[in-house]
Amino acid sequence: MTNPNQPDPPELVEHRMERTYEVAATPEQVWDAIATADGISAWMVPTRLDPQIGGEVSFDLGGFMSTGVVTDYTPNQRFAYEEPWPIADQVQAIPAAMVEWFNAIGVPLSEVYHDLSSVTPIATEFLIESASGGSCVIRVVTSAYGSGADWENEFFAEMVAGWGEMLDKLASQLNKAPT
């Protein structure tokens, strides 16, 4: 029963991207590419990784680091992590590149910080499944929940566009790997 004196909790909006690739590589080759710092750095951005559940994963995005936590590390099967929206806890600590981005889309930082209370971490998982003929299927899912604010939608859309390019590069790299 809802309390008439309490406002309804905000309705969350799902942000989601899913991509699937079949690649001419073994599960071990895919694992090395998606779940090691050197492997990720080869197709994405410079990365640091503590390869265990609860370990830290950090991506060097040029103007700032996005740091998250490993939530699953099952060799040759599943690698997952969560990272916060790339915004600092305090306005003063927001990376300059992010401040410029918010200014460019005309969103005051006070609005962003108001919306952050309803934003969940961005969760990403890589699933590896063996297929016939020595190939693998890789499924990548990235998702988060938020308030549905315009800045969230634009941020996630830009992130997905960048992800698409990087994941295409990963698939291309794995299709050229010697088996």
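Up top is the structure these notes are about.
Since the model is a prediction, treat every value here as computed from it, not as a measurement.

Enquirer: Could you clarify how one ought to interpret the overall build of the chain in this entry?
Expert: A count of helices and strands for the chain gives five helices and seven strands. The N-to-C order of helical and strand elements in the chain reads β-α-α-β-β-β-β-α-α-β-β-α. When each of the 179 residues of the chain is scored for burial, the buried share is 41%. When contacts within the chain are restricted to residue pairs at least 6 apart in sequence, those whose partners lie at least 24 apart make up 61%.

Enquirer: What am I meant to see in the packing of aromatic side chains here?
Expert: Aromatic ring pairs: the centre-centre distance and the angle between the two ring planes describe each pair. As enumerated under the stated definition, the model contains 12 aromatic pairs in all. Aromatic side chains Trp 31 and Tyr 73 sit 4.8 Å apart centroid to centroid with 70 degrees between the ring planes, which places their arrangement in the edge-to-face category. Residue Trp 31 is found in helix α1 (residues 27-34), and its partner Tyr 73 is found in strand β4 (residues 65-74); the two are separated by 42 residues along the sequence. Assigned by exposure class, Trp 31 and Tyr 73 land together as buried. Taking the centre distance of 6.2 Å and the plane angle of 70 degrees together, the rings of Trp 43 and Phe 126 count as edge-to-face. Here the residue Trp 43 occupies a position in helix α2 (residues 37-43), and Phe 126 occupies one in strand β6 (residues 122-130), the gap between them amounting to 83 residues.

Enquirer: Just to check I follow, could you spell out the sheet that holds β4 for this structure?
Expert: Strand pairing in a sheet takes place through backbone hydrogen bonds and is either antiparallel or parallel in direction. Ordered in space as β1-β7-β6-β5-β4-β3-β2, the seven strands form an open sheet in which the pairing is antiparallel. This sheet does not close on itself; its edge strands, each paired only once, are β1 (13-23) and β2 (47-49). On average, adjacent strands in this sheet sit at an angle of 20 degrees to one another, irrespective of strand direction. Of the strand pairs in this sheet, β2 and strand β3 (residues 56-60) are connected by three bridges, and their pairing is antiparallel. Residue pairing for β3: Thr 47 is matched across the bridge by Phe 59. Here α1 sits on the sheet and contacts β1, β4, β5 (78-83), β6 and β7 (136-146); the angle it forms with β6, its principal contact strand, is near 160 degrees. Strand contacts of helix α5 (residues 150-176): β1, β5, β6 and β7, with the helix running at about 10 degrees to β1, the strand carrying the most contacts.

Enquirer: Help me out: how do you make sense of the pairing of β5 in this one?
Expert: Along any regular strand, the residues point their side chains to alternate faces of the sheet. By the bridge criterion, five bridges tie β4 to β5 in an arrangement that is antiparallel. Paired with Asp 72 across the strands is Ala 80, a residue of β5. Here β4 folds back onto β5, and the loop between the two strands holds three residues, one of which, Asn 76, carries a positive phi near 65 degrees.

Enquirer: Just checking my understanding: could you explain the pattern of salt bridges for this structure?
Expert: As a working rule, side chains carrying opposite charge can pair if their charged atoms are close by. For the structure on display, the rule yields seven salt bridges. Among the ionic pairs, Glu 14 bridges to Arg 16, the shortest N-O distance being 4.0 Å. With a relative accessible area of 45%, Arg 16 lands in the partly exposed category. When the shortest N-O distance is used, the salt bridge between Arg 139 and Glu 18 registers 3.3 Å. Separated by 121 residues along the polypeptide, Arg 139 in strand β7 and Glu 18 in strand β1 bring together distant segments of the chain. A residue is classified by how much of its surface remains accessible, and Glu 18, at 42% relative accessible area, is partly exposed. One salt-bridge network, held together by shared partners, links Glu 14, Arg 16, Glu 18, Asp 72, Arg 78, Glu 125 and Arg 139.

The rules we used
Residues numbered from 1 in each chain as written. Predicted model: local features only at pLDDT ≥ 70, side-chain atom pairs only at ≥ 80, totals over all residues. Heavy atoms only, no water. Helix = DSSP H or I, 4+ residues; strand = E, 2+ residues; numbered from the N terminus. Buried < 20%, exposed > 50% of the residue type's maximum accessible area, 1.4 Å probe, protein only. Contact = heavy atoms within 4.5 Å. Phe/Tyr/Trp six-rings, centres within 6.5 Å; stacked < 30°, edge-to-face > 60°. Pairing = 2+ DSSP bridges. Axes fitted to C-alpha atoms, helices over the stretch in contact; angles between N-to-C directions. Salt bridge = Lys/Arg side-chain N within 4 Å of Asp/Glu carboxyl O.

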